[in-house]
Amino acid sequence: MAASNNPRKFSEKIALHNQKQAEETAAFEEVMKDLSLTRAHRLQLQKTQYLQLGQSRGQYYGGSLPNVNQIGNSAMDLPFQTPF
Amino acid sequence: MAASNNPRKFSEKIALHNQKQAEETAAFEEVMKDLSLTRAHRLQLQKTQYLQLGQSRGQYYGGSLPNVNQIGNSAMDLPFQTPF
Amino acid sequence: TSQTSKTDDPQLKREIRLMKNREAARECRRKKKEYVKCLENRVAVLENQNKTLIEELKTLKDLYCHKSVLGKDLQKAAR
Amino acid sequence: TSQTSKTDDPQLKREIRLMKNREAARECRRKKKEYVKCLENRVAVLENQNKTLIEELKTLKDLYCHKSVLGKDLQKAAR
DNA sequence: GTCGGCTGACGTCAGCCTGG
DNA sequence: CCAGGCTGACGTCAGCCGAC
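Remember, it's a predicted structure, so these values are computed and weren't measured experimentally.

Caption draft 1: Broad picture of the confidence of the model for chain A. For chain A, the average pLDDT comes to 69, and 51% of its residues sit at 70 or higher. Low pLDDT, under 50, characterises residues 53–84 of chain A; the predicted model gives this stretch 44 contacts beyond four residues in sequence or across chains.

Caption draft 2: How the structure looks around the state of the cysteines. Residues and elements named next belong to chain C. Following the criterion strictly, the structure yields zero disulfides over all chains and no others. Here Cys-28 stays unpaired: no disulfide links it, and the sulfur of Cys-38, its closest cysteine neighbor, is 16 Å away. In this structure Cys-28 comes out as partly exposed when scored by relative accessible area, which is 40%.

Caption draft 3: Local environment of the environment of Leu-53 of chain C. Inspection of the secondary structure puts Leu-53 of chain C in helix α1 (residues 10–64). Relative accessible area serves as the criterion here: at 0%, Leu-53 of chain C is assigned to the buried category. Not counting residues within four places of it along the chain, the set of residues in contact with Leu-53 of chain C comprises Phe-28 of chain B together with Asn-50, Leu-53, Ile-54 and Leu-57 of chain D.

Caption draft 4: Representation of the packing of α1 of chain C against helix α1 (residues 10–64) of chain D in the model. It is at 8 Å that the axes of α1 of chain C and α1 of chain D come closest, and there the two elements cross at 30°. If you check the angle between α1 of chain C and α1 of chain D, you find them roughly parallel. For α1 of chain C against α1 of chain D, the interelement crossing comes out left-handed. Looking at the contact of α1 of chain C with α1 of chain D, its residues break down into 22 nonpolar, four polar and ten charged.

Caption draft 5: Region of interest: a positive patch on the surface. A cluster of like positive charges, contributed by Lys-32, Lys-33 and Lys-37 of chain C together with Lys-32, Lys-33 and Lys-37 of chain D, occupies part of the molecular surface. Sorting the residues of the positive patch by element identifies α1 of chain C together with α1 of chain D as the ones contributing at least two each. By the secondary structure assignment, Lys-33 of chain D is in helix α1.

Criteria and cut-off values
Residues numbered from 1 in each chain as written. Chains lettered and ligands numbered in written order. Predicted model: local features only at pLDDT ≥ 70, side-chain atom pairs only at ≥ 80, totals over all residues. Heavy atoms only, no water. pLDDT = per-residue confidence, 0-100. Contact = heavy atoms within 4.5 Å. Disulfide = S-S within 2.5 Å. Buried < 20%, exposed > 50% of the residue type's maximum accessible area, 1.4 Å probe, protein only. Helix = DSSP H or I, 4+ residues; strand = E, 2+ residues; numbered from the N terminus. Axes fitted to C-alpha atoms, helices over the stretch in contact; angles between N-to-C directions. Parallel < 35°, antiparallel > 145°, perpendicular 65-115°, else oblique. Left-handed = near helix turned anticlockwise from the far one by under 90°. Nonpolar A, V, L, I, M, F, W, Y, C, P; charged D, E, K, R; others polar. Patch = residues over 30% accessible without salt bridge, like charges linked within 9 Å, V, L, I, M, F, W, Y side chains within 5 Å. Areas by Shrake-Rupley, 256 points an atom, 1.4 Å probe, with all protein chains shown as cover. Salt bridge = Lys/Arg side-chain N within 4 Å of Asp/Glu carboxyl O. Lys, Arg positive; Asp, Glu negative; His and termini not counted. Charge placed at Lys NZ, Arg CZ, Asp CG, Glu CD.

This is how it looks when you write it as structure tokens:
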């Protein structure tokens, strides 16, 4: 009965819960780390975009100016709009 | 002592846990509902894009063909690439 | 005179007190058992929600990182 | 002759058994208390993780829905 | 099969806390 | 203040289950 999902001894119950908690905490921190990297990368690219904005204005030469309201909106070029 | 965060009576502990669980379940289902709507909307727009692909080909008349590899990729026009 | 109107008998008072504490102890053990089951059930619920939220976060992250998510979307829309 | 080599005395055997069960009961109550505390701590941890995951999901969903997230990003990057 | 380790449930004592 | 309600901790009995 040692490998049962609901052991009888309290020691085994504690061990099972500690094991599950360790696994879940690992998965949680993994996802949070990835999200942190995504955020950092997004921020860096936003800054890059912002700093290169003065130089990239050449592509609008002879045309209309870019919509300044969309600057700073990180999802302005998404293929479809889903404003839920 | 009724409004304490760690009551002495078991009844109050059970009531507190049931209350917290109800609130957290409500917030959880709220987020999941929103994600379901986002998914559905995304799917609908993907299908619409796919069905209108034959008609919209006219905009490429006399030019190069659209990149077929990007069809079905729902995030193909994101402003920045973060392939983590 | 000896007034036995209520419970002036010390032995009777003790028996009554023991009896009440006996029943109280039974109810207390019952409530404690129910509380532990409540905790275990709450852990299970939070566990499932945690798993679901992590999976959903992975999906959204992968979606944002240009990974095709059409398969999962169609799979989830099929049911 | 009366052989009292080990524990043939019934009273002594009983006392020994009661003594062992006494200590076992103490240890059992200790472990049970530790188990309940383990459950409560696990509930608290899962609670915080779920809250964080839900907040993160809301942020990603709002980001995907064209809502400006620059403020939160800068706020989170500042600390 | 029996025997010993753990645990469920009981009754009792001691102590905390609140209502009266 | 203190009588009473709940609970923590104890020792005991009964029962389960694995090891011998």
